[in-house]
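Breakdown of the fold
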Amino acid sequence: MKRAALTALAIAAAVVVGRATVSTPESTHTERVIEHRSVEPSAVQASGLTAAEVRDIVRTELAQQAPAAAAAPESPPADDAALARAHAAVDAGLADGRWTNEDREQLRREFVLLPQAQAEEILRTLFTSLPRVKVEVDGPAV
Amino acid sequence: MKKLITTAFLLSALGAATAGYKQTKTVVVQGANHNAWGVLASARNSANNVEYIGCNVYSASSKSANCFAKDAAGVYMTCWTSDTGIINTAQNISADTYLYFSWDASNMCTSVYVENASQYEPKQ
């Protein structure tokens with residue numbers, strides 16, 4: 001009975017540790033902290049669980065929570081339609097050999113919707129093309 | 001009358017002595033060297049209506065910055081970056097900032113230098 005209670009306590013502790021560390025970007029950091037722990041919790045010692053068993057419990061709990069953390073998006077999902085419209089805005093704007101305030105405004109409407117990778121794609125496309133046209137904006141190009 | 005003139009002279013001298021060091025830096029764009037600089041307020045206060053310098057920062061679905069400058073002769077240059085460090089630096093630009101930035105062959109910003117100091121004039 002006592003062993004069961006202590007085991008439950010150890011699992012609960014593992015869940016708490018898991019929840020406290022699951023948002024940490026580097027999971028290896030979490031593992032390192034656990035491995036370097038020099039003092040065993042008294043409850044664990046009293047229960048007869050070895051440090052290796054506790055590690056297994058903690059790892060099991062972390063592994064169960066890891067997929068949810070990994071699936072959390074860091075950036076909005078790709079918006080292919082907005083990307084296509086942004087490319088169209090760049091192409092249309094540059095087509096007459098000028099990049100104007102109106103072209104910039106047209107692009108901005110789509111640009112702000114783009115996630116990071118797609119925004120960078122648009123910026124790369126535009127800024128490598130600007131030297132070939134006459135830039136007539138009164139400030140930033142985007 | 002003589003006393004009045006003397007007092008005015010002394011006040012004038014005192015004013016000059018306590019005004020502090022001042023610098024005006026209008027916009028320079030060096031396309032060949034891939035860099036540009038200038039004080040925002042100096043560009044704003046310049047006699048011409050051509051030059052300007054600055055950076056903007058996007059913090060929407062993505063994060064990026066564009067720095068841009070046009071000198072009095074109309075030479076324009078702009079660069080972009082998604083580098084977090086450069087973006088953070090660009091966010092420290094104020095109305096009286098001295099700004100320097102540089103770019104590479106693909107017009108990506110490679111550095112942004114922001115200096116906020118007393119010698120630079122305010123916008124008028």
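All values reported here derive from a predicted model rather than from experimental measurement.

Describing the confidence of the model for chain A
- Within chain A, residue pLDDT values average 74, and 54% of them lie at 70 or more.
- In the model, residues 20–41 of chain A has pLDDT below 50 throughout and makes 15 contacts with residues more than four positions away in sequence or in other chains.

Details of the interface of chain A and chain B
- On the chain B side, the residues contacting the 24 residues of chain A number 17 residues.
- With both sides pooled, the region where chain A packs onto chain B buries about 1600 Å², and carbon together with sulfur makes up 59% of that total.
- Applying the counting criterion to the chain A and chain B interface returns zero salt bridges.
- Here chain A is connected to chain B by ten residue pairs in polar contact (both at pLDDT 80 or more).
- Those elements that provide at least two residues to the side of chain A that touches chain B are helix H6 (101–111) and helix H7 (116–129) of chain A.
- The greatest single-element share of the side of chain A that touches chain B, amounting to seven residues, is contributed by H7(A).

Structural notes on the sheet that holds strand E5 (residues 76–81) of chain B
- A sheet is described by the order of its strands in space; here three strands give the open sequence E3-E4-E5 (chain B), paired in antiparallel fashion. Strand pairing shows two members of the sheet lacking a second neighbour, strand E3 (52–59) and E5 of chain B, which therefore form its edges. In this sheet, adjacent strand axes meet at a mean angle of 10° when their direction is disregarded.
- Relative to strand E4 (residues 63–70) of chain B, E3(B) runs antiparallel, the two sharing eight bridges. Bridge pairing in E4(B) links B:Val57 to B:Ala65.
- Lying on the sheet, H7(A) is in contact with E4 and E5 of chain B; it crosses E5(B) at an angle near 155°.

Considering the nonpolar core
- By size, the foremost hydrophobic cluster in this structure holds 26 residues, and its most contacted members are A:Trp99, A:Leu107, A:Phe111, A:Leu126 and A:Leu130.
- Residue assignment for this core shows that the elements contributing at least two residues are helix H5 (80–95), H6 and H7 of chain A together with E3 and E5 of chain B.
- The biggest single contributor to this core is H5(A), with six residues.
- Excluding anything up to four places from it in sequence, A:Leu107 contacts A:Ala86, A:Ala89, A:Val90, A:Trp99, A:Ile122, A:Leu126 and A:Val142.
- Residues B:Leu40, B:Ala43, B:Ile86 and B:Ala90 belong to the second largest nonpolar core, which totals 19 residues.

Points about the pairing of E5(B)
Residues and elements named next belong to chain B.
- Counted residue by residue, E5 has six buried out of six residues, so it is predominantly covered.
- Side chains of E5 alternate between two faces, with Tyr76, Thr78 and Trp80 and Met77, Cys79 and Thr81 buried alike.
- Hairpin geometry of E4 and E5 is characterised by an intervening segment of five residues between the two adjacent antiparallel strands and by a positive phi of about 95° at glycine 74.

Topic: the environment of B:Ser46
All names here are of chain B.
- Assignment of secondary structure puts serine 46 in the loop between helix H2 (40–45) and E3.
- With 26 residues separating them in the primary sequence, serine 46 and alanine 72 have C-alpha atoms 9.0 Å apart.
- Look past the residues within four positions of serine 46 in its chain and what remains in contact with it is Thr26 and Glu51.

Criteria and cut-off values
- Residues numbered from 1 in each chain as written.
- Chains lettered and ligands numbered in written order.
- Predicted model: local features only at pLDDT ≥ 70, side-chain atom pairs only at ≥ 80, totals over all residues.
- Heavy atoms only, no water.
- pLDDT = per-residue confidence, 0-100.
- Contact = heavy atoms within 4.5 Å.
- Buried area = accessible area lost by both parts, 1.4 Å probe.
- Salt bridge = Lys/Arg side-chain N within 4 Å of Asp/Glu carboxyl O.
- Polar contact = N/O pair within 3.5 Å; in protein donor to acceptor, adjacent residues only side chain to side chain.
- Helix = DSSP H or I, 4+ residues; strand = E, 2+ residues; numbered from the N terminus.
- Pairing = 2+ DSSP bridges.
- Axes fitted to C-alpha atoms, helices over the stretch in contact; angles between N-to-C directions.
- Core = buried A, V, L, I, M, F, W, Y, C linked by side-chain atoms within 4.5 Å.
- Buried < 20%, exposed > 50% of the residue type's maximum accessible area, 1.4 Å probe, protein only.

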